[in-house]
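Here is what each chain is made of, one letter per residue.
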Amino acid sequence: MTTPGWGGAYGDQPNPPQSVCVRHPDRPTGLGCSRCGRPACPQCLQPAAVGQHCVDCVREGNKNVRTAQTIAGAPMTRSAKTPLTYALIAINVVVFGVTAAQSGDVISNFNGSSLARAWSLNSLLVSDGDVFRLIGNGFVHIGPIHLLVNMFALYLIGRDVELVLGRSRYLAVYFLSLLGGSASVMLFENPLSLTAGASGAVFGLLGAQAVILLRLKRSPAPVLIVIALNIFISISIPSISLWGHMGGLVAGAAATAGLVFLPNRSRGTGESRAIAGLSMAWLSVIAVALVTLGIIALRVLDLRARMGL
């Protein structure tokens, strides 16, 4: 009787070829993916709940895993970072530094600063073509106290709103609030007055925070109390732009309401290709922007007609 494997009945059979890794053909392996069954070397395998999966199956499986999102559709991450809020604060501080350097006085930085004169909001100058003032005024402040109050409020409120809305939505709400405040100033305040400061945008973020709390089914009472207190202060102190605050509040709240309450995807069957890929939420933000720009355009036409231009 011949022992198998030593030249006998079994030993005469050739050894089966050894498998090689599908990603590294130069590496023989006896392992394989428990999902797709393909041979793979230890470097290309990752432990799974059952067996081990190759990197291709792991990548394919990750595509089907839904990332946790906030109510506005922003991704939820373990590391809560709010770079845009800090960037906006930095821009405001830098602009204040430039105005203070130009005027040679930190306390009276507005006087003697060409940048402050070029960016502050004046309805007549906007109607004459200086449309950048509609946004630029939100980055100019009159004195260090004005700057500190607005930046402290932006620091407290902006970070929370940025985390919930995400960066692109946060920027949209911020600048729409700023634009809404400018539109309200042009519509209701003296066209000869000068207006400056980030208060309109900050009020817009307050409105956004109240809407977010409503969407989360939490009480917005603390935010509403802060808003009411600031409105009272705006009415009590003549130098504060009440309408700039109100316009920013309405624009910010309206834009945020669209982002957190309306569906994220268009579901109608008769929509054109131009809007089929847009979410209803973003369409609402565009609508708020168009209404705001329409108000500004009508006010500009009215002022130009009065001036005989």
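Our subject is the structure listed above.
Here goes a summary of the coordinates provided. Because the structure is predicted, anything quoted here is derived from the model rather than measured.

## Let's talk about the overall build of the chain
A count of helices and strands for the chain gives 12 helices and two strands. In the chain, the succession of α and β elements from N to C terminus is β-β-α-α-α-α-α-α-α-α-α-α-α-α. Counting only residues that meet the buried cut, the chain has 40% of its 309 residues in that class. The long-range fraction of contacts in the chain, counting pairs at least 24 apart against all pairs at least 6 apart in sequence, stands at 61%. Working note: accessible area of the chain is about 17500 Å², and carbon and sulfur atoms make up 63% of it.

## Overview of the pattern of salt bridges
For the structure shown, the criterion picks out six salt bridges. In this structure, the salt-bridge partner of Asp-56 is Arg-59, at a minimum N-O distance of 3.2 Å. Of the two residues, Asp-56 and Arg-59 both sit in helix 1 (residues 55–63), three residues apart, roughly one turn of that helix. Among the ionic pairs, Asp-302 bridges to Arg-299, the shortest N-O distance being 2.9 Å. Residue Asp-302 and its partner Arg-299 are both found in helix 12 (residues 280–307); the two are separated by three residues, about one turn of the helix. Given a relative accessible area of 29%, Asp-302 falls into the partly exposed group. Looking at Arg-299, the relative accessible area reads 10%, which means it is buried.

## Notes on the nonpolar core
Core analysis: the largest hydrophobic core is formed by 46 residues, its most contacted members being Leu-154, Val-161, Leu-165, Tyr-170, Val-173, Tyr-174 and Leu-205. Those elements that place two or more of their residues in this core are helix 2 (83–103), helix 3 (114–119), helix 6 (144–165), helix 7 (167–188), helix 8 (199–215), helix 9 (221–236), helix 10 (242–261) and helix 12. Counting residues per element, this core draws most heavily on helix 8, which supplies 10 residues. The contact partners of Leu-154, leaving out residues within four places of it in the chain, are Thr-85, Leu-88, Ile-89, Arg-159, Tyr-170, Tyr-174, Val-202 and Leu-205. If you look at the next biggest cluster of nonpolar residues, it comprises 10 residues, including Ala-183, Val-185, Met-186 and Val-300.

## Some points on the environment of Leu-249
Checked against the element boundaries, Leu-249 lands in helix 10. Taking the relative accessible area as the measure of exposure, Leu-249 reaches 15% and is therefore buried. Among all residues touching Leu-249, those that are not within four sequence positions of it are Gly-200, Phe-203, Gly-204, Gly-207 and Ile-227.

## Some thoughts on the packing of helix 10 against helix 12
To characterise two packed helices, one gives the angle between the axes of the helices and the distance between these axes. Two numbers describe how helix 10 lies on helix 12: the axes approach to 7 Å, and their chain directions differ by 160 degrees. With respect to helix 12, the axis of helix 10 lies roughly antiparallel. Handedness of the helix 10/helix 12 crossing: right-handed. On the side of helix 10, the interface is formed by Ala-251, Ala-254, Ala-255, Gly-258 and Leu-259, while helix 12 contributes Ala-281, Ser-284, Val-285 and Val-288. Grouping the constituent residues of the contact of helix 10 with helix 12 by class yields seven nonpolar, two polar and no charged.

## Points about unusual backbone geometry
Even without being glycine, Lys-217 reaches a positive phi, approximately 60 degrees. Summarising the element assignment, Lys-217 is placed in the loop between helix 8 and helix 9.

Basis of the calculations
Residues numbered from 1 in each chain as written. Predicted model: local features only at pLDDT ≥ 70, side-chain atom pairs only at ≥ 80, totals over all residues. Heavy atoms only, no water. Helix = DSSP H or I, 4+ residues; strand = E, 2+ residues; numbered from the N terminus. Buried < 20%, exposed > 50% of the residue type's maximum accessible area, 1.4 Å probe, protein only. Contact = heavy atoms within 4.5 Å. Areas by Shrake-Rupley, 256 points an atom, 1.4 Å probe, with all protein chains shown as cover. Salt bridge = Lys/Arg side-chain N within 4 Å of Asp/Glu carboxyl O. Core = buried A, V, L, I, M, F, W, Y, C linked by side-chain atoms within 4.5 Å. Axes fitted to C-alpha atoms, helices over the stretch in contact; angles between N-to-C directions. Parallel < 35°, antiparallel > 145°, perpendicular 65-115°, else oblique. Left-handed = near helix turned anticlockwise from the far one by under 90°. Nonpolar A, V, L, I, M, F, W, Y, C, P; charged D, E, K, R; others polar.

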